[in-house]
Amino acid sequence: MTAATVEKPKRLTVHWGRWLPAYGVYVALAALVLVNAVITDNFLAWENLRIQLVQVAPVVIVALGMAVVIGTEGVDLSVGAVMALAAAVVPIYLGYGAVPAVAMALLGGVVVGLVNGGLIAGVGLQPIVATLALLVAGRGIALVISDGKLKEIRNADLVAFGNGELLGLPYSVWLAGALTVLVALLVRKTVFGRQLVAVGGNRPAAQLAGLPVRRVLIGVYVLSAVLASIAGVLAVARIQSSDASQVGQLYELSAITAVVVGGTPLTGGKVRVLGTVAGALLMQLVVATLIKHDLRSSIAEMVQAVIIVAAVYAARERGTR
Amino acid sequence: MLEAIDVSKTFPGVRALDSVSLSVRPGEVHALVGENGAGKSTLIKVLTGVYRPDAGELRLAGERVRFATPQEAQRAGISTIYQEVNLVPLMSVARNLFLGREPRRRGLIDTVTMNRVAAETLRGYGITGDVRRPLGQLALGAQQMVALARAVMVDARVVIMDEPTSSLEPREVETLFGVIDDLRGKGIGIVYVSHRLDELYRICDHVTVLRDGRRVHSGPMQELPRLKLVALMIGRDVETVRSEGVTGFSEESQVADSTPVLKATGLRSRHKLHGVDVAVRPGEVVGLGGLLGAGRTETVRAIAGALPLDEGTVEVAGRPVRGSTGAAVKAGIAALPEDRKAEGIVPGLSVRENIALAVLPRMSRAGIVSEKRIDEIVTRFMERLRIKAAGPDQPVGELSGGNQQKVLLARLLATSPKVLLLDEPTRGIDVGAKAEVQSLVDELAGQGLGVVLVSSDAEELVEGADRVVVLRDGTVVAELTGDAVTADGLLGAIAAAAEKEVEK
């Protein structure tokens, strides 16, 4: 009943405490853009913005799935490995054409998602352990499938998918945008979306209210893995080669960062889809800004760390404890 | 000793405290009572430094004090015992008792001294077990005693107890009262918050009643008749309370000998249930009686599909229900959990989302949720159950206990259930909400629902139930029907069951 039990004093921060995690990322993003507009040459040039968007698109796609998983109080560490798996699968089936190859890659994602979901919802493993297993195994399998070799991609359809443009923006950017809208609608408007935040907010309560908790959890991990597969295919199509040892490296960390910076609490029960996109953009621009001003990448990493800590700190103030 | 003078506190949209005064003298047990939302919790938080008052002042031993943080209040000698135990379950009992001020020798914790002193201290609180065991292995009541011992050890001048008996068993309550008497003798002032009137009259010297953020009464406990106290708390006059009764249950309804809407047969689950049969007819309220650990909660959970069964069947209106919560809800079973926070509310979600939680599939087409239909049921149930919230979008975690309970009931009713399972429906909620919940149960039974009621409050159980099934060690030991459904009858049945056990 002493220090350990102390409740957070609620001062004037009550208002801020809600506002900051919800909208802080947008303010930070706007501020960064404004600062760059002044201090960085050609920052607002279309070419630069385009590059930034192209680079951030796969992170956004993976982070959308991650946000949904984190909304159920879970985490999916296997996304990078799933990207590699998709990258390894694509060249094998490319002989049948681009569509079957992509379909097989996505199917691979579904399988990994089912395994993740099964381990977590069925066996009852903790998400961090289950998906860690798939992180290790997934990339291993990808390397076995691809024989550890880099394969060039010459399929015209796939290359066009990775590099084609519509109205001045690459398909990948449009795809990321479309998936964002879809996931946002999924979370806000569908039964599945409403149920998944309830599962994250209080799992025993959701269980007792008769929600299909297992099905929701499995669905969430399948969604995450499929989105990661899409990102993996996109990566292959863009660089026109498949290297299972490189594709998707450390994407799980970028995705988690985007979600957390975007204001989704790791404790579950809330998913901020647009915040996640803003979080991914913010981290992308921070790195780009520092690189453009000739700062070493090690400094960029430290700045990223500071932003993550700040985001988690802001999120901590939220809520009614 | 501790005085609050004309304290006011406003939250956005709510005036939680409106110049409230409270004066606790040394050696006095001061009851602080009021409905949920009356301002009790806010006042306690002001006294303990969690909130700072917008107006008014605090005085400790005559001197004006301001607490910036709860730690400052503690250092000044104000200790608080909360409803939930806030200690470290995996650390030993002794470590918990001394957490943060362990006796030291050469910079290391002096475990020998610590364990010895802890064992001595705790004996005074009726805890005799090994103090080196992890705290989590103790019963909840014993954990609370450790918390109390800890609070008192910190040279407390004032101890604030917020519903200290809500998770204690009768024997432990006696021990607690003994400790309170000791504290009183030492000149420590005690603020005692409880919804159990019997306790208040037994232990308290003085009472302050809050309603809607205002002080409506303050005076010696014994001079305030029980009926008047209830009337003050809920803001109704004494005559209404007398005619409607204190518990809000009306007289038993006569249930026709119709076929049971719920029939549970031979429920078995290892170590918990050893063959329990319960049948409930439409319009009937069946109480489950028995002591703590007799299998009441387990029975309810088994029927709700939340406890895996080794054997036994559950039928609703003649149809068997597969053993999962989803199937149970679909079959028309709605369960109110014993632990509202752990298994009931989703605190971060709004009132609206919480009410609609179980019926989302029904409120949707092709997987897309219909906001309009949700709004309809939410509005309907918020009005019907008189849920007090800033609006449907307020997070449930911010509501008072009684209103959280009403939100849960709304969630259950939204599923149009045939059977209601209510496990301690009025635990930790104030008198007003209690009466409302109780009369609602009556009303629902009147509409033909079958209700299973679990309550540790014997009065509530016998007044609410038409029939009481008495459990012990996971089996049915007696059943009270008709005129036998009285508090005495219930206690008699439990006592007889216990004696049989001794004879064996």
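Cut-offs and rules
- Residues numbered from 1 in each chain as written.
- Chains lettered and ligands numbered in written order.
- Predicted model: local features only at pLDDT ≥ 70, side-chain atom pairs only at ≥ 80, totals over all residues.
- Helix = DSSP H or I, 4+ residues; strand = E, 2+ residues; numbered from the N terminus.
- Buried ≥ 20, exposed ≤ 12 C-beta atoms within 10 Å, placed from the backbone.
- Contact = placed C-beta atoms within 7 Å.
- Nonpolar A, V, L, I, M, F, W, Y, C, P; charged D, E, K, R; others polar.
- Expected span 1.5 Å × (residues − 1).
- Arc of directions from axis to C-beta.
- UniProt positions renumbered as here; feature names shortened; annotations may be inferred.
- Pairing = 2+ DSSP bridges.
- Domains from an automatic or database assignment.
- Axes fitted to C-alpha atoms, helices over the stretch in contact; angles between N-to-C directions.

## Quick look at the overall build of chain A
Piece 1. Along chain A, the regular secondary structure elements total 13 helices and four strands.
Piece 2. When its C-alpha atoms are laid out on the principal axes, chain A stretches across 65 × 55 × 35 Å.
Piece 3. When each of the 321 residues of chain A is scored for burial, the buried share is 50%.
Piece 4. In chain A, 77% of the contacts between residues at least 6 apart in sequence involve partners at least 24 apart.

## Describing the overall build of chain B
Piece 1. Across its full length, chain B holds 18 helices and 24 strands.
Piece 2. Dimensions of chain B, computed from C-alpha atoms along their principal axes, come out at roughly 70 × 55 × 50 Å.
Piece 3. Taken over 504 residues, chain B has a buried fraction of 50%.
Piece 4. Put simply, of all contacts in chain B between residues at least 6 apart along the chain, 67% involve residues at least 24 apart.

## Re the interface of chain B and chain A
Piece 1. Contacts between the two partners involve 49 residues from chain B and, on the opposite side, 30 residues from chain A.
Piece 2. Sort the elements by how many residues they give to the side of chain B that touches chain A and helix α11 (residues 325–331) of chain B lands first, with five residues.
Piece 3. Per-class residue counts for the side of chain B that touches chain A are 29 nonpolar, 14 polar and six charged.

## Observations regarding helix α4 (residues 98–123) of chain A
Piece 1. Helix length check: α4(A) (26 residues) gives 36 Å between terminal C-alpha atoms against 38 Å at 1.5 Å per residue, within 8%.
Piece 2. Of the residues one or two after α4(A), A:Gly124 is the one with positive phi, at around 90°.

## Observations concerning helix α14 (residues 371–384) of chain B
Residues and elements named next belong to chain B.
Piece 1. The end-to-end C-alpha distance of α14, which contains 14 residues, comes to 20 Å, matching closely the 20 Å that a straight helix rising 1.5 Å per residue would cover.
Piece 2. All of the buried residues in α14 are Ile374, Val378, Phe381 and Met382. One face of α14 carries all of its buried residues, which in axial projection span an arc of 100°. Turned more than 90 degrees away from the buried face of α14 sit Lys372, Glu376 and Glu383, all of them exposed.
Piece 3. Contact partners of the buried residues in α14: α13 (351–356), β20 (368–369) and α15 (401–414).

## Brief notes about the UniProt feature "transmembrane region" (unreviewed entry) in chain A
All names here are of chain A.
Piece 1. Cross-referencing UniProt, the feature "transmembrane region" (unreviewed entry) maps to residues 20–39, 51–70, 77–96, 102–121, 128–146, 166–187, 216–237 and 273–291 in the present numbering.
Piece 2. Span residues 102–121 is 100% helix and 0% strand, its end C-alpha atoms 28 Å apart.
Piece 3. Between the C-alpha atoms that bound residues 128–146 the distance is 27 Å, and the span itself is 100% helix and 0% strand.

## A few points about the sheet that holds strand β16 (residues 311–316) of chain B
Residues and elements named next belong to chain B.
Piece 1. The strand order across the open sheet built from four strands is β14-β13-β16-β17, with neighbouring strands paired in antiparallel fashion. Because the sheet does not close on itself, it has two edges, and the strands there are β14 (273–280) and β17 (319–320).
Piece 2. Bridge count for β16 against β17 is two bridges, and the pairing is antiparallel. Each bridged residue has a counterpart across the sheet, and for glutamate 315 the counterpart in β17 is proline 320.

## Examining the domain arrangement of chain B
One widely used convention gives an interface's size as the accessible area the parts lose upon coming together.
Piece 1. Split into domains, chain B comes out as domain 1 (2–90 + 134–244), domain 2 (262–332 + 417–503) and domain 3 (348–414).
Piece 2. Of note, the centres of domain 1 of chain B and domain 2 of chain B, computed from C-alpha atoms alone, are 33 Å apart.

## Remarks on the sheet that holds strand β24 (residues 475–481) of chain B
All names here are of chain B.
Piece 1. Strand order across the open sheet formed by six strands is β18-β21-β22-β15-β23-β24, with mixed pairing between neighbours. Looking along the sheet, the strands with just one partner apiece sit at the ends: β18 (333–336) and β24. With direction set aside, neighbouring strand axes in the sheet form an average angle of 20°.
Piece 2. Both strand β15 (residues 285–289) and strand β23 (residues 467–472) contribute to a ladder of four bridges, which runs parallel. Each bridged residue has a counterpart across the sheet, and for valine 286 the counterpart in β23 is arginine 467.

## As for the pairing of β24(B)
Residues and elements named next belong to chain B.
Piece 1. The pairing of β23 with β24 spans six bridges and is classified as antiparallel. Within β24, the residue paired with arginine 467 across the bridge is threonine 481.
Piece 2. Counting the residues in the hairpin turn of β23 and β24 gives two residues, including aspartate 473, whose phi is positive at 50°.

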